[in-house]
There are 2 protein chains.
Amino acid sequence: MIPSRKKVYVEGSRPDIQVPFAEVELSGGEPPVRLYDTSGPGSDPEEGLPQLRQKWIEERGIDEKCNTQLHYAKKGMITPEMEFVAIREGLQPEFVRDEIAAGRAILPNNINHPESEPMIIGKNFLVKINANIGTSAVSDSIADEVEKLTWATQWGGDTVMDLSTGKHIHATREHIIRNSAVPIGTVPLYQALEKVNGDPTKLNWEVYRETIIEQAEQGVDYMTVHAGVLLSYVPLAANRVTGIVSRGGSIMAAWCLAHHEESFLYTHYRELCEIFAKYDIAFSLGDGLRPGSIADANDEAQFAELRTLGELTKIAWEYDVQVMVEGPGHVPMHKIKENVDLQQEICQEAPFYTLGPLTTDVAPAYDHITSAIGAAMIGWFGTAMLCYVTPKEHLGLPNRDDVKEGVIAYKIAAHAADLAKGHPKAQEWDDALSKARFEFRWEDQFNLSLDPQRAREYHDETLPAEPAKTA
Amino acid sequence: MIPSRKKVYVEGSRPDIQVPFAEVELSGGEPPVRLYDTSGPGSDPEEGLPQLRQKWIEERGIDEKCNTQLHYAKKGMITPEMEFVAIREGLQPEFVRDEIAAGRAILPNNINHPESEPMIIGKNFLVKINANIGTSAVSDSIADEVEKLTWATQWGGDTVMDLSTGKHIHATREHIIRNSAVPIGTVPLYQALEKVNGDPTKLNWEVYRETIIEQAEQGVDYMTVHAGVLLSYVPLAANRVTGIVSRGGSIMAAWCLAHHEESFLYTHYRELCEIFAKYDIAFSLGDGLRPGSIADANDEAQFAELRTLGELTKIAWEYDVQVMVEGPGHVPMHKIKENVDLQQEICQEAPFYTLGPLTTDVAPAYDHITSAIGAAMIGWFGTAMLCYVTPKEHLGLPNRDDVKEGVIAYKIAAHAADLAKGHPKAQEWDDALSKARFEFRWEDQFNLSLDPQRAREYHDETLPAEPAKTA
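Note that this is a predicted model, so its numbers are computed, not measured.

Trainee: Can you explain the nonpolar core? Please cite residues and give values.
Mentor: Counting 284 residues, the largest nonpolar core has Phe283 of chain A together with Phe283 of chain B as the members making the most contacts within it. Those residues in contact with phenylalanine 283 of chain B, other than ones at most four positions away along the chain, are Met223, Val225, Tyr269, Leu272, Cys273, Phe276, Ala316, Val321, Gln322, Val323 and Met324 of chain B.

As structure tokens, then:
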């Protein structure tokens, strides 16, 4: 929790629905401002968080086949999770249920991750952001990754993807999930690849399925599955400036070419749906052929895959599995809107989840900025969640400072999009801060800032005297 | 000049037209890439720069009344300045002349600033950026400001505004202009106010006129004039969340209210035009009623002033004086396009020059990012120059690092806009860098970056070994 903010809870229709907000108290007789709060209740990393949702899950009873929020929503139920989300967003529970039932929003929460505070991803809600963390062969400390999780959610990360690839991949993930109040996403293909010693051609459905179940049991809330990289699409990337840049996409393309067979993720997709339905894991349908440069944006490789992702979305819905669809990447501004419009049309309004996009390739070390521009725009146009990009993108692994810079840049993009979309509660925050600024209530201005500490520091550098802040 | 770039010159139709580019040599048999270069020839700050344009000015002869590039363009002349700009932008000299003649572009260069390398501001050219520097009562060192000028133009500042308000305002400006290869802008009202001991009600046309001539003689290339803040508009800002936030706007509003008279800048505007015509100073028509918050964007106060700026644009053109028009400020994304469309309509396509705009108010200390989002979009929509915002905006005075962060964020915004506008040469840069990235030519990727040193540093933090860069 950011200092100078106070955690408050709003109770729902039953006493165990307690929705957190970060309250900022103001001077000058102004009413306090309540902000959406992703920081979680806090925990001893070795103990893990309390199991907030356990009772709700048990009350419903665990079905052998399907336990998804989509399933309940279609039946007309308003689950405690949906009510929690409604209070969080300032909307009606019926609206939340209907958006989930229509597939326009997802509420990702594996039944084995009862520690999570429910949140929703959909274009008619606040724009969400994801932060990637993860150990690697170069750097792997479990404590560091749990610390990064806490850090990312303190600054506003709505979900966290654990992209670990190091030695202690299972244990790292276990610690992350047990300490996470936000949904956790993974790319199971990365772990499956380690199980076959890094050789993509050795992958097969069995090792992948085993990995999925291992992660499902731990409580992963959504998984990126690159099932849209079909054998026939691989040649479409041949004449690109930057070929295939998605790691998952490259792995599956290598597999398809080596075996000259259709992707096992595609041919076994219905089995995946059965597993996902049981645990209530949401699909994040990966865009393995996303463009890796301005030159490759919106090309046939990208859109061919998108059409397949539309087909896979419909199949997932047959199983009442929640789905979102991943998008690019690198796109110049004038080609951004087409991405959302096409995805929404082809995938029948399933939530869109994009990486940036970066609006130019020329600024490595500043790609949190090149991509915040694209992210704000694509959020306004209807993208439901934005995957952050840190200053280290293309260059190295993000450290603690990089994670913060990435999250802040993306909170800016998401909030700018909320304002442009006209989310009913978004502008209150801006108005409160601007009013404080105009009235020289400096402390209020700092406390309302996305980053109170830095705002205060920058002010004090040139105008350190206390009178200058209260004048 | 950024290390790893080599300054090269392209000669025009006469040997004294030497247009600078920053050339990046590449490995792997790739051709070198030439980038637009604002860094200037370099100088001893005490000596000043060579007088590149002096001969061109003398050849034309100095007219008693009018020496503007607009005047020459209307007569059908292609000046050496226009040819210089054409080579710099990769366009035809006739096109440059015609855009200036139509008032759609300006080539700001006071005849008393012969050190400047000609550049052009107009929607059919590369999007330009301005960096503000300046001493203040809190901090004033001439050497620091000259150093900031050099620093800002090294990173890509196309013009610099000297907003100094300290004791040595005349001497500071003199050093800045004599050492500047880019056009220098000022807000003469600030100095005029100091001449009346900071009391806005004591201002009058005589002290303002004297200040204009003082600065004109020194060689200021464009001046912000808040002549659109009319007496009748002041009450329109009364019910705003953030009232009048422009310093120039506040000063003129205070004057109008105290005297209950029409603004002396408005009533003496034709006299100003006569002075500007003689020196070839360009108007930057100030938006004294620009919105200071999301809540106040696109309101009647703002657009009433804009209509007056349209009227003043036409009057300036009667005198063959070059004009650009300033714009906001703080604007949510969905209201940005209306700003450009209205300004272009009302001001008959005179170049638009905007501050950001910031797309949310909630992130002080990160307003280079909140505003880079708006700047990129407004640049794409047709804004010709973007005034940078540093991380210190609203909080304090920018230091050297802040200036760099602001310039880089705005180079990103401007270049993203150039890509989206489809400027014929913009994408070459992205393609060269992306190709280097895909082929693991790390050194080429670094050298092509907006900030080669930081890109290299970030890479080396996690992957320091040389083989990782040449693999």
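Trainee: Describe in detail helix α13 (residues 336-346) of chain A, supporting the description with residues and values.
Mentor: Residues and elements named next belong to chain A. If you check which residues of α13 are buried, you get Ile336, Asn339, Val340, Gln343, Gln344 and Ile346. Residues of α13 that are buried in the fold lie against α12 (300-318), β11 (323-327), β12 (352-355) and α14 (367-381). Count one or two residues on from α13 and you reach glutamine 348, which has phi positive near 50°.

Trainee: Describe the sheet that holds β11 of chain A, naming the residues involved and giving the relevant values.
Mentor: Residues and elements named next belong to chain A. Spatially, β6-β7-β8-β9-β10-β11-β12-β13 is the arrangement adopted by the 8 strands of the closed barrel, whose pairing is parallel. Sheet twist, expressed as the average angle between the axes of neighbouring strands with direction ignored, equals 25°. Pairing geometry for strand β7 (residues 159-162) and strand β8 (residues 184-186), over 2 bridges, is parallel. Across the sheet, residue valine 160 finds its bridge partner in β8, namely isoleucine 184. Running over the sheet, helix α8 (residues 205-218) touches β8 and β9 (222-225) and is turned about 160° from β9. Helix α11 (residues 269-279) rests against β9 and β10 (282-285) of the sheet, and its axis sits at about 140° to β10.

Trainee: Could you give an account of unusual backbone geometry, naming the residues involved and the relevant values?
Mentor: Residue and element names in this part refer to chain A. Residue glycine 329 is bonded to the preceding proline 328 through a cis peptide linkage, with omega at -5°. Examined against the element boundaries, glycine 329 turns out to sit in the loop between β11 and α13. Of note, the amide linkage connecting glycine 356 to proline 357 takes the cis form, showing an omega dihedral of 15°. Secondary-structure assignment places proline 357 in the loop between β12 and α14. Of note, the phi angle at asparagine 197 is positive, near 55°, even though the residue is not glycine. Tracing the backbone through its elements, the reader meets asparagine 197 in the loop between α7 (188-195) and α8. Backbone geometry places histidine 260, a non-glycine residue, at a positive phi of 45°. Inspection of the secondary structure assignment puts histidine 260 in the loop between α9 (247-259) and α10 (264-267).

Trainee: Please set out the environment of threonine 390 of chain A residue by residue, giving values where relevant.
Mentor: Residue and element names in this part refer to chain A. Considering the arrangement of structural elements, one finds threonine 390 in the loop between β13 (385-387) and α15 (400-421). Residue threonine 390 is classed as buried on the basis of its relative accessible area of 5%. For the pair threonine 390 and proline 108, spaced 282 residues apart in sequence, the C-alpha separation works out to 24 Å.

Trainee: Please give an account of the side chain of serine 449 of chain A that cites residues and values.
Mentor: Position of serine 449 of chain A relative to the elements: it lies in the loop between α17 (442-448) and α18 (452-462). Owing to a relative accessible area of 0%, serine 449 of chain A belongs among the buried residues under this scheme. Here the side chain of serine 449 of chain A touches glutamine 445 of chain A through a polar contact of 2.8 Å, landing on its backbone oxygen. Ignoring any residue separated from it by four or fewer positions in sequence, one finds serine 449 of chain A in contact with Arg5, Leu433 and Ala455 of chain A together with Val362 and Pro364 of chain B.

Trainee: I'd like to hear about the pairing of strand β2 (residues 18-24) of chain A, residue by residue, with values.
Mentor: Residue and element names in this part refer to chain A. A large share of β2 lies buried, amounting to 6 of its 7 residues. Pairing geometry for strand β1 (residues 6-11) and β2, over 6 bridges, is antiparallel. Of the residues in β2, the one forming a bridge with valine 10 is valine 19. Connecting the antiparallel pair β1 and β2 is a turn made up of 6 residues. Here 4 bridges tie β2 to strand β3 (residues 33-36), and the two strands are oriented antiparallel to one another. Opposite glutamate 23, over in β3, you have arginine 34 as the bridge partner.

Trainee: Describe empty space enclosed by the protein, naming the residues involved and giving the relevant values.
Mentor: All names here are of chain B. One pass over the structure, following the stated rule, counts 7 cavities of 30 Å³ or more. Its volume calculated, the largest cavity comes out at about 550 Å³. Considering the residues around the largest cavity, the lining is formed by 34 residues, among which Leu35, Tyr36, Asp37, Lys411 and Trp429 are closest to the centre. Sorting the residues of the lining of the largest cavity by element identifies β2 (18-24), β3 (33-36), α3 (80-89), β6 (128-133), α5 (142-154), α15 (400-421) and α16 (426-438) as the ones contributing at least two each.

Trainee: Before we move on, could you go through the relation of the copies chain B and chain A and cite the residues and values that matter?
Mentor: It takes a turn of 180° to lay chain B on chain A, together with a shift of 0.0 Å along the axis; the resulting RMSD is 0.0 Å. The superposition of one copy onto the other is thereby described by a two-fold rotation axis. Judged by C-alpha distance, isoleucine 373 of chain B is the residue of chain B that lies nearest the rotation axis, at 2.3 Å. In this assembly the copies share their binding face: 100% of the residues contributing to the interface of chain B also contribute to that of chain A.

What counts as what
Here the residue index of a chain counts from 1 through its sequence in written order. Key to labels: chains lettered from A, ligands numbered from 1, both in the order written. With pLDDT at 70 or above as the cut-off, local features in this predicted model cover only qualifying residues; side-chain atom pairs require 80 or more to be listed or tallied, and sums for whole chains, interfaces and linings still use all residues. Note that the side-chain values use all heavy atoms of the structure and ignore hydrogens as well as water. Take the buried residues of types Ala, Val, Leu, Ile, Met, Phe, Trp, Tyr and Cys, join any two whose side-chain atoms come within 4.5 Å, and each joined set is a nonpolar core. The buried label goes to any residue with under 20% of its type's maximum accessible area, the exposed label to any with over 50%, and the partly exposed label to all in between, with areas taken from a 1.4 Å probe on protein chains only. In what follows, a contact means two residues having at least one pair of non-hydrogen atoms within 4.5 Å. Starting at the N terminus, helices and strands are each numbered in turn, a helix being any DSSP run of H or I of at least four residues and a strand any DSSP run of E of at least two. Paired strands are those between which DSSP finds at least two bridges. Only the stretch in contact is used when a helix axis is fitted, and all axes are lines through C-alpha atoms; the angle between N-to-C directions ranges over 0 to 180 degrees. Side-chain atoms alone can form a polar contact between residues adjacent in sequence; in general such a contact is a pair of N or O atoms within 3.5 Å, and within protein one must be able to donate a hydrogen while the other accepts it. Only protein atoms enter the 1 Å grid used here, on which a cavity is any set of points holding a 1.4 Å probe that cannot leave and a pocket is any open set flanked by protein within 12 Å on both sides along at least five of seven lines; residues with an atom within 4 Å of a point are listed as lining. Grid points are joined across faces, edges and corners, and a volume is the space filled by probe spheres set on the points. A residue counts toward the fit only if its pLDDT is at least 70 in both copies, and the copies are then superposed by least squares on the C-alpha atoms of those residues.

So far we have only geometry, and geometry alone does not tell us how the molecule works.
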